[in-house]
Protein chains: 2
Amino acid sequence: MYEMYNKWGDIVKETLKQEVINARSLSHYRDIAIVGMGGSGIIGDYLQVLAYGSPRRIFVIKDISLPQWINKSVLVIAISYSGNTIETLSAFYQAIDRGCEVAVVASGGKLLEMATKYGVMHITISKGLVPRAAFPALLYGALKILWSGGITDIITEEDAKKALTVLNSAPAMNRSQQIAEFIEDYVPVIIADTRYAPLALRFKNEINENAKMPVKVEVLPEWAHNDIVGWELGSEKFRFLLINPNDNSLYQKFIEFAESYFKSLGFSVYKLGLEGSTLFEKLMHGTIIAGFTSLLLAERRGVNPLITESITMYKEFIKKIFKN
Amino acid sequence: MYEMYNKWGDIVKETLKQEVINARSLSHYRDIAIVGMGGSGIIGDYLQVLAYGSPRRIFVIKDISLPQWINKSVLVIAISYSGNTIETLSAFYQAIDRGCEVAVVASGGKLLEMATKYGVMHITISKGLVPRAAFPALLYGALKILWSGGITDIITEEDAKKALTVLNSAPAMNRSQQIAEFIEDYVPVIIADTRYAPLALRFKNEINENAKMPVKVEVLPEWAHNDIVGWELGSEKFRFLLINPNDNSLYQKFIEFAESYFKSLGFSVYKLGLEGSTLFEKLMHGTIIAGFTSLLLAERRGVNPLITESITMYKEFIKKIFKN
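Residues numbered from 1 in each chain as written. Chains lettered and ligands numbered in written order. Predicted model: local features only at pLDDT ≥ 70, side-chain atom pairs only at ≥ 80, totals over all residues. Heavy atoms only, no water.

## Some thoughts on the domain arrangement of chain A
All names here are of chain A.
Reasoning step 1: Domain annotation of chain A identifies domain 1 (2-155) and domain 2 (164-301).
Reasoning step 2: Measuring from the centre of the C-alpha atoms in domain 1 to the corresponding centre in domain 2 gives 27 Å.
Reasoning step 3: Buried area between domain 1 and domain 2, summed over both chains or domains, comes out near 2,100 Å², and the portion from carbon and sulfur atoms is 70%.
Reasoning step 4: At the junction of domain 1 and domain 2, the tally comes to one salt bridge.
Reasoning step 5: At the surface where domain 1 touches domain 2, the tally comes to seven residue pairs in polar contact (both at pLDDT 80 or more).
Reasoning step 6: Broken down by secondary-structure element, the contributors of at least two residues to the side of domain 1 that touches domain 2 are α1 (2-6), α2 (8-17), α3 (38-50) and α6 (135-148).
Reasoning step 7: In terms of residue count, α3 provides more of the side of domain 1 that touches domain 2 than any other element does, five residues in total. (Domains from an automatic or database assignment. Buried area = accessible area lost by both parts, 1.4 Å probe. Salt bridge = Lys/Arg side-chain N within 4 Å of Asp/Glu carboxyl O. Polar contact = N/O pair within 3.5 Å; in protein donor to acceptor, adjacent residues only side chain to side chain. Helix = DSSP H or I, 4+ residues; strand = E, 2+ residues; numbered from the N terminus.)

## Digging into the interface of chain B and chain A
Many structure descriptions define interface size as the accessible area lost when the parts assemble.
Reasoning step 1: Of the residues lining the interface, 68 residues belong to chain B; the matching set on chain A comes to 68 residues.
Reasoning step 2: Summing the contributions of chain B and of chain A, the shared interface buries around 6,000 Å²; its carbon and sulfur component is 66%.
Reasoning step 3: Scanning the region where chain B abuts chain A turns up six salt bridges.
Reasoning step 4: Our count for the contact surface shared by chain B and chain A stands at 27 residue pairs in polar contact (both at pLDDT 80 or more).
Reasoning step 5: Take the side of chain B that touches chain A: its biggest share by element is 10 residues, from helix α12 (residues 309-323) of chain B. (Contact = heavy atoms within 4.5 Å.)

## Details of empty space enclosed by the protein
Residues and elements named next belong to chain A.
Reasoning step 1: Inspection of the entire model under this criterion finds two cavities of 30 Å³ or more.
Reasoning step 2: As for the second largest cavity, its lining consists of G38, G39, I42, R132, R202, N205, E206 and E209.
Reasoning step 3: Counting residues per element, the lining of the second largest cavity draws most heavily on helix α9 (residues 197-211), at four residues.
Reasoning step 4: Looking at the lining of the second largest cavity, its residues break down into one nonpolar, three polar and four charged.
Reasoning step 5: Formed jointly, the lining of the second largest cavity draws a minimum of three residues from each of two domains, domain 1 (2-155) and domain 2 (164-301). (1 Å grid on protein atoms, 1.4 Å probe; cavity = no way out; pocket = protein on both sides within 12 Å on 5 of 7 lines; lining within 4 Å. Points joined across faces, edges and corners; volume = space filled by probe spheres on them. Nonpolar A, V, L, I, M, F, W, Y, C, P; charged D, E, K, R; others polar.)

Take a look at the structure:
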């Protein structure tokens, strides 16, 4: 599976070449709902934090149905790598029924078929990847939808391209080795500030799926208002991975507080310093490290990262429900 | 601390009598941002799911600053039990600076002082409680703000009052005893569907703060797309508490799937069936059970639920940062 993560740079380049079908202006949409699950749904979380400094609002919907307030005034982007995710298809049909402008990112499946049938904006991304390894195709695919619609205030194509440099895999692999060694025999607790919460979540999901390990995620400053107390009596089972934003923000101080807190209790902490000069680059840097870490953990634990049996079981189950 | 939770019914009644100062019409606001942290911030999560069937959108902000898109078109409700939560005060000043309509729920402190100074809508709730035990005062306080402003499509006063019956503490205590016994020596994993995610989070925070235990929360259907795989290789340290919505929804089937999944792996599962006939009542029922469970766990573990040393440490730390 390493080769899929190793070619993220190429995947980005391929995706950037891919044509957006039925392109139309989207720039009048202030509200954008991103619908998707798992490795596809996480794209919504990334776009949400990227949009924090823009006038637009990103809503992340990981559910079988849409909240009542989603109507024509909201642009809906449905993302499913396979194109057959039942929750996403269900939400897609609802959005169409409500008369929303819908756009689609998928490699194939029913979702692309429906996108063609309804004449909605869509982009076809590279086939043959595992959904979670298709992260850059899904992310840049969604960005291409936005750019083709004239939305450039979340991130520009130029700035997104700059992130390619942080995908250089050699130094990332080195950090990943250290982290895998550090958390291997523990339940990892990944802590980030609000801006990097999606990265912490992605890190968790990667370790869940590739390495078959449970993981816990916490977000600062909220973490310091409740979860922090849970560690007062000790923790032999857990180890703490702090996402260090490497900047001069207040959040940086929050992370340092968490570090000194855990150390004062005698716990082991690994601080992952993100590289890059923008939020986008740092997110991408952390994401490739998360990918490699999860693969290294799979190797150490002797499990096959490609196979996720439980998800297959769930997909069989939900297929049956929707047939009834 | 039991007496504080035991008198939730009375706290609701007191709160309902409390006057909203500077009341004005709010019904033209489609977008409402609820700002707060910890035991105060969780009110935003509850209101968000309650609003899913309404035309209004609730944004939950647990942060020191507001996203860029929060402007005059968004109503901001700042909630802080003490009235001195630094993150909330910081977001409050930002909202004022941006010319937003702001409303305040607090028992005292700087936030109430500023509410008076700026002439914004506010309600003063009962003093002398521990913030997390003040849950009904905070929730019904926020609701009174909405009702006084003419917003009754999230929940009406009549429907909110009906929930008082599920706060009857005897049967709740019985369930709490069972749950406390079930999870005492483990790391609890609390799983709910999207509608009950705030309750799962509240449950976690209560156990963190009162019983000094770490807890993990997962939400269905997203849980089945990544986290589910983390349990494939076993779990001696964890035990699973499923929030059973007790209805005929698809979500009910998701919970049943999770139950059979865990059982097939040989894990112990406790299914908490929520009582009441509406989402609101079920949320309240689960919330009182969460409270009692956390107190019983504190007793069993020999810790004082009233004292949360680490949060005090954090508050000292953030006070210093904001002074610089």
